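Chain by chain, the residues:
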Amino acid sequence: MPLIVNPDELARKRIFLILATPGNIRQRNIDLIKEVSDLGYHTVVITTNFPYSILTKLYGEQGVNLSKVSFIDAVTRNSIGSAKEIPGIVRFINNPANLTDLGIAVTEILKERSEEKVCILFDSISTLLIYLSSPNISKFIHFVTNKLRLMDISGIFLATEKGLDPMLMNQLTTFVDTVIDTG
Amino acid sequence: MTTTNREEPGCIEAGILENALVMITVMEKSGKILVWNQAAENITGYSKEEVIGKTTIWKKLYPKKEYRDTVTQQIATILTGKKYFENFETIITTRSGASRIILWNTKESTHKSGPIIVTAGQDITRLRELDAFRDSVIENANVLITVMESGGTIAVWNKAAEEITGYSRAEVIGSRDIWKNLYPDPEYRRTLTRQITGIISTKSYFANFETRIRTKTGESRVISWNTRQIGEDSQQFAIAIGRDITEQKKAEEALLAYMTEMAMRIKQPVGIIRDNLLDITHLIHDRKLSLDEIAMLLDAQVRNAAQIATNVQEFQKAILEKNSEIPEAYRKFLEG
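Just so you know, these numbers come straight off a predicted model, no measurement behind them.

This next bit is on the overall build of chain B. Within chain B one finds 13 helices and ten strands. Put simply, chain B has 336 residues, and 16% of those count as buried. Within chain B, contacts between residues separated by at least 24 positions form 33% of all contacts whose residues are at least 6 apart in sequence.

This is the structure in structure tokens:
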């Protein structure tokens, strides 16, 4: 199966926007993690849709090396109220709309792993639309992409295709280096 | 029995003079009236009998001393340079007390009794009223109205034009530089000129042509232009009426933005919930989830759905705030 992201571009710390159909987006998430892990990267998954506990189960079944993955989970605490953080594996955010906490978690986790080859996987921009207006999403993605560039880290943002209005899509395109529509 | 020979030149002149539609008077230099035609009687209300052979008519036509002195002074000034005056405008008071605007033209002549002055007075009151009405309409219209001579020189620039652009009449009339000021970007100006030339080449006017002007204060405004050619072949003018549609455009853009945002933040999230539920169904079917995990996943979808309902409510509120014209029944529904 052909790779979704170009390893050379990933090595050059490029930032990607990966578009997928709603039916394919979960599988794209798994395919990307496997791809990035195989290239020797540690992936930090920011999940705003499925909780960490379910994702680890799905990843495990699909043969993802879980020691190469850690999570920022913005779902679990929003659903069950509390969840205990596991250092180096998962951090919880109370609500996907809490961008301040999300920003802090991203900054801290990147600092913790500053000696490693790290790639951020944001799943997904589309889910954020439930909780945030497009201008706020745009500001947040701008903040995160700036942070990645400053820290020289590659990043992948997932979104469902045709789900973003032309203005938001236009803005996101200017923040990332490469847009890939995987269908 | 006396017969009048109609072929006699003097009779023909007298007939013309008597039946002319403009008031014609002949007077001596002293102001004594020798001739007072029918139109003069009709316009002023004073008959020949009251006027001829006397100088008193002028005091009657200009009863206010101050105004009479002004007119006298103006006539004296004109007559120092030449022996006649042309298109000299005064306001007379008629016998009934009404005011009429008269446009005077005079010519000095010589009669066997000595020098005489032939005066033609055209009643232009109605014309002036129409002018004033037209000026008032132009002046008080809440759209930008400008009239351009051929070559683009501005002849008329109304109050709305001043308010919308920030440029006063004094800065604009008699010049054609205003277009450079309103369209300072040479590239945009060239594009507009090209478009306008294209439209004018197929028809002599344009309708609802939108441009973006820069006002004197540097503000950007959207104007919708309508033009017409007016005047005779020898003197062509173009009248341009510009409606400031900046606010309307903003409202349209805001509405489009609202609708797009709403579509994006409802259609997309509902699709996400649907796909999540589908995934959950498969996971349950494959017995990959514990009861706690199922509960957590379903709870997350409930929260997502609740958030979408809140978003819709916020959009409804925003629409209500932006649009005061919404009928009461719809307002209540949207508030609910």
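Moving on: the overall build of chain A. The helix and strand inventory of chain A stands at eight helices and seven strands. The proportion of buried residues among the 183 residues of chain A is 45%.

This part is about the interface of chain B and chain A. The partner chain A presents 23 residues to the 21 residues of chain B that form the contact. Broken down by class, the residue content of the side of chain B that touches chain A amounts to seven nonpolar, six polar and eight charged.

It is worth spelling out helix α5 (residues 65–81) of chain B at this point. When the terminal C-alpha atoms of α5 of chain B are compared, their 25 Å separation across 17 residues agrees well with the 24 Å that a helix rising 1.5 Å per residue should span. Among the 17 residues that make up α5 of chain B, zero are buried, leaving the element largely open to the surroundings.

The nonpolar side chains of a soluble globular protein tend to be buried, and buried together. Residues and elements named next belong to chain A. Judged by nonpolar contacts, the single largest core of 63 residues is most densely connected at Ile18, Ile72, Ile120, Ile156, Phe157 and Leu158. For this core, the element with the highest residue contribution is strand β1 (residues 15–20), accounting for six residues. Aside from chain neighbours lying at most four places away, what touches leucine 158 is Ile18, Ala20, Ile25, Arg28, Asn29, Phe122, Asp123, Ser124 and Ile125.

The next thing to look at is the environment of serine 30 of chain B. With respect to the helices and strands, serine 30 of chain B occurs in the loop between β1 (23–28) and β2 (33–36). A C-alpha to C-alpha distance of 7.6 Å links serine 30 of chain B and threonine 55 of chain B, two positions 25 residues apart in sequence.

Looking now at the environment of isoleucine 164 of chain B. Residue and element names in this part refer to chain B. Checked against the element boundaries, isoleucine 164 lands in helix α7 (residues 159–165). In this structure, the C-alpha to C-alpha distance between isoleucine 164 and glycine 242, residues 78 residues apart in sequence, is 9.6 Å. The contact partners of isoleucine 164, leaving out residues within four places of it in the chain, are Leu144, Arg221 and Asp244.

This brings us to the sheet that holds strand β9 (residues 220–231) of chain B. Residue and element names in this part refer to chain B. The sheet built from five strands is open, its strands ordered β7-β6-β10-β9-β8 with antiparallel pairing. At either end of the open sheet lies a strand with only one pairing partner, and these are β7 (154–157) and β8 (209–214). Each adjacent strand pair in this sheet contributes to an overall mean axis angle of 30°, direction not counted. By the bridge criterion, three bridges tie strand β6 (residues 144–149) to β7 in an arrangement that is antiparallel. In the strand pairing of β7, threonine 146 is matched with tryptophan 157.

We now examine helix α10 (residues 186–202) of chain B. Under the 1.5 Å per step criterion, the end-to-end length of α10 of chain B is 25 Å for 17 residues, consistent within 8% with the ideal 24 Å. Across the 17 residues of α10 of chain B, zero count as buried, placing the element largely on the outside.

All names here are of chain A. Most of strand β6 (residues 154–160) sits out of view: seven of its seven residues are buried. Neither face of β6 is open: one carries Ser154, Ile156, Leu158 and Thr160, the other Gly155, Phe157 and Ala159, and all of them are buried. Pairing analysis gives six bridges linking β1 to β6, with the strands arranged parallel. Residue leucine 17 lies in a different strand from β6, and its bridge partner there is phenylalanine 157. As defined by bridge partners, strand β5 (residues 118–123) adjoins β6 across five bridges and the pair is classed as parallel.

How each quantity is defined
Residues numbered from 1 in each chain as written. Chains lettered and ligands numbered in written order. Predicted model: local features only at pLDDT ≥ 70, side-chain atom pairs only at ≥ 80, totals over all residues. Helix = DSSP H or I, 4+ residues; strand = E, 2+ residues; numbered from the N terminus. Buried ≥ 20, exposed ≤ 12 C-beta atoms within 10 Å, placed from the backbone. Contact = placed C-beta atoms within 7 Å. Nonpolar A, V, L, I, M, F, W, Y, C, P; charged D, E, K, R; others polar. Expected span 1.5 Å × (residues − 1). Core = buried A, V, L, I, M, F, W, Y, C linked by C-beta atoms within 7 Å. Pairing = 2+ DSSP bridges. Axes fitted to C-alpha atoms, helices over the stretch in contact; angles between N-to-C directions.

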